[in-house]
Every structure is written in C-alpha cells, then in structure tokens.
Amino acid sequence: MSATRAGYLVIPCLLLLSLILAWQPNAQAAVVNASQAAELKNRFRIDHMVDHLTLVIQRSYGSAPVVVILPDGSKWYSNRHPQTVKWVDGIAADMIYIEKPMPGPWQLLGSVVEGSTIKKISALDIAVQPLPQPLYQGERLKVTARLLGDNLTIRMPGLEYMVEWTARFASEHLPTDDNFATGTIIVGAYKDNGELLDEAPDDGIFTGSHNLQQPTGHYVLNVTARNNIFEREYVMPFALSPQPITVKMVPNSDPLKGIWQIQLTVDESVVKLAETHFEFDLVGPAGLLLPITLQTMTSADQILYLPKVTEFGSYRVKGSAVSTTVDGREIVLNLPEMFFNLVEPPAPPPSVEELAEKAAIQAEIEEKVAKDDAMFWIITINGVLFFVGIIGLVIWRKKQTLAKAMAAAEERLKQNPVNEDKPKDSILESVDLDDIDLSMPDDKN
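The name recorded for the chain in an unreviewed UniProt entry is TIGR03503 family protein, from Shewanella frigidimarina.

Right, dumping it as structure tokens:
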C-alpha cells in the first residue's frame, strides 16, 4: 500500500475515533466552560470594574455559613464582617452583598454543594405577574413572581427561606367604591415550596394565592421581596369587580318543610353560560356532608333544588363556580356561604283525656304531699307534748317530795322541842336538806 493511500485511510479513522470519544457518555475528558472554570475549588475573581455585587452561594443543607477569604488574606464571617457588607445565611445558602469589592482572587471555605456555581450578581430585581383585569371578588387566583439576578431567574434550594414576599392591597379611597373606608390589607405571600398552588419546590418560581374576599373597588397592589440585603417593590393599580355570578337562598314559605332552593343568576355579558358550572356542599347536623353539582345551566336565571333534609337544626351551603369570561379567561369563584334552619314543629295541644289524666296525677301528688305534711306535724307535736309532760312530771314529783320532807321535819320538831329562844327558822335551817332523799317514794301510811 502506498503512503498516499495510507494517509487517506488514517485521516478518516482519526476523525471516526474522535467522534466516538466525543459521544461516549463515560469518557474521561470533559469540557469546562469559562464561567465555571473561574470558580473551580470555590475560587473566583473580581475585576476592578465591579462597583458592587451580590454573591449567592449554595451549600449543603444545614451546614454552617461559608468563610470568605479576600485577596489580601483577610477573612469574613457571617457574624463578623465590615459594615458595608450585608449577609443573609439560610438553611442551605448564603447571600452576601458587597460594596466596592477588592479586585483579585477570592475564595470560599465551607460545604459548597459540588457542581454548583457561585452566582456573582450585579443587579437584583423581581418579576411579578400582573393581576388580570377584570378581576372578580372571591376569585381563586394563581399568580407567580421570580427573583432576578442580572435579568436571570435565581433558582436554588433554600431560597424561599432567605426572601420574604408580601402582597398588599391599598384602597384608593374613591367615594363611589365599596372599599372607600378600607385601608391597606395583607392579602397573601409568595412561596416556592411545592405546596397549594405552587407547582414545584425550589424551581425559582414563587406562587401566590391572594385573598380576594375584599370589598369591591379600586386598589393598588404592592408586592415586596426583602431580606437584610435588599428590598424590591412592585406596584400595580387594579380594580376588584363584583362577581358576575350570584347565588341566593330562596326564603322557604314553610320553614317546617325540608325542601330548600337556591336562586342562580349568571351575567351573560361577562361569562359564557354554556361553560358555567357549580359545585356545592350541604353541611348539616349529625355530620351531614352532601355534595351537589350542576353542570349545565339552561338559563341565566335558574333554580337549584336542594335535597330534602329531615334532621332538625342549622344547615350551611358552601360552593364554587367555574366559568369562562367572554374574553376567554378561565375563572374560579368562591361563592358566599348560605344558611337555613329546619325548625322542629311545635307539639300538638293535649286532648281532654290527657288533660284529665294529668289533673288526676297532679291531684294524687298533692294529696300525698298533704298527707305527708300532716303526718309530719302530728308526729312533731306529739313528740313535743310527750317531752313537755315528762319534764312537768319530774318537776311535780320533786315538789311533792320536798313538801313531804318539810312536813316530816316539822313533825320531828314537835316531838323533840328545843329552846324557845332559838327562832324557828334557825331550827329549820339547822336541818341539812342534803340529807333528805327527795326521791323517796310517797308514804303510803
């Protein structure tokens, strides 16, 4: 084989080999772009033309804040740094704002996530999705916002814990509006946690669900994103309009009956009747929870009959409506709650026989009470008289005994005369009455 022909064969083989190596997934060779090459081993460079920047550093979850080493070898910590530096340390990231950074090579010490890049941001801003118009009272609304670094969305785990989002409505105080006396209201926040209306956690898209159960009228939306490093604000005037769908509980002509109905009214100049659907929940006593749906509206004014209820007590009807505006926007409305009571009918009046029986029972009770009272007083009075008689008898017996003792003493004096000069009273006093037995029986002789 000639050298020329050999050269023709070698060149295609080399090209084929290079293509195979380039497409081989486990090839050891890799290409590193310039922006990442400057940040290998947690090192990066800041040039002399940078007036200020914000470093966003992703680290391992729960790890300590990084240590920043400056070109001159000095160190910054999250709790010890110059006053011109602002530092926010989160669960999984650090955000550091630096005024007039020192040009040269910088280094980070810490548990920086492998494969992550150190974001050097010169300008921080927020992008907030505007509110749609018209916006309706009670509407369930999903809105989003993003944190921008140099006009690019910042995305990293733990960013939600480092930025506080707040949404407020401020009334414009127009005399013709229902919200004339309303001040500034906090209506929600934006979260990037994959819960409620947020689609995925840590994707850089913060989702909000504002509370639109506010008086209608003209407002100013104020969205702020802030932490110790920065604060950004988004302002938008808007109008909150009345719902194009109204529901009303029809007064029941007979509140003792268990059949109730709801009046549904749809404004066809605002929403499409064919694409308007209702869903209600009937909540009542004894744990009643009954779903009710209406998929097809036959007219703009329609009556919805509720299922018959039998348990006496209070009932609550809560629901929502989904529809499409004439402009093609899909809306979900939270409808106002409605209430009604199923009253227990009064008991029928008693019959003549029942009244007679009741009177007889009452008379029997009164007679028994009278007998019990009479017996009580008879026993009480007899007991008192018995004790009084015993006491009187004892006193009478003692007086009789004392009289007989005195008579016996006088009889002894007559039989045994004494000196006449001694008074009779003295003689009687000489008799020791303690020696007389007052309890001795009467002398039968």
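There is more to say after this.
Draft legend 1. Spatial organisation of the overall build of the chain. If you tally the helices and strands in the chain, you get 4 helices and 26 strands. Evaluated residue by residue, the chain yields a buried proportion of 32% over its 445 residues. Put simply, of all contacts in the chain between residues at least 6 apart along the chain, 67% involve residues at least 24 apart. For the chain, the exposed area adds up to about 28600 Å²; of that, 57% sits on carbon and sulfur atoms.

Draft legend 2. Representation of the sheet that holds strand 5 (residues 85-89). Spatial strand order, 5-6-2-8: 4 strands in an open sheet with antiparallel pairing. This sheet does not close on itself; its edge strands, each paired only once, are strand 5 and strand 8 (119-121). Ignoring strand direction, the axes of neighbouring strands in this sheet form an average angle of 15°. Across 5 bridges, strand 5 lies against strand 6 (residues 93-99) in antiparallel orientation. Among the inter-strand pairings, Val88 is bridged to a residue of strand 6, identified as Met95.

Draft legend 3. Highlighting the environment of Asn42. By the secondary structure assignment, Asn42 is in the loop between helix 2 (34-37) and strand 1 (43-46). Looking at Asn42, the relative accessible area reads 21%, which means it is partly exposed. In sequence terms Asn42 and Ile57 are 15 residues apart; their C-alpha atoms lie 9.7 Å from each other. Excluding residues that lie within four positions of it along the chain, Asn42 makes contacts with Trp106, Gln107, Leu108, Gly110, Val112 and Ile118.

Draft legend 4. Focus on a nonpolar patch on the surface. A cluster of nonpolar side chains, contributed by Phe376, Trp377, Ile381 and Leu385, occupies part of the molecular surface with about 470 Å² of accessible area. On the secondary structure map, Phe376 appears in helix 3 (residues 352-415). By relative accessible area, which is 49% here, Phe376 ends up partly exposed.

How each quantity is defined
Residues numbered from 1 in each chain as written. Predicted model: local features only at pLDDT ≥ 70, side-chain atom pairs only at ≥ 80, totals over all residues. Heavy atoms only, no water. Helix = DSSP H or I, 4+ residues; strand = E, 2+ residues; numbered from the N terminus. Buried < 20%, exposed > 50% of the residue type's maximum accessible area, 1.4 Å probe, protein only. Contact = heavy atoms within 4.5 Å. Areas by Shrake-Rupley, 256 points an atom, 1.4 Å probe, with all protein chains shown as cover. Pairing = 2+ DSSP bridges. Axes fitted to C-alpha atoms, helices over the stretch in contact; angles between N-to-C directions. Patch = residues over 30% accessible without salt bridge, like charges linked within 9 Å, V, L, I, M, F, W, Y side chains within 5 Å. Salt bridge = Lys/Arg side-chain N within 4 Å of Asp/Glu carboxyl O.

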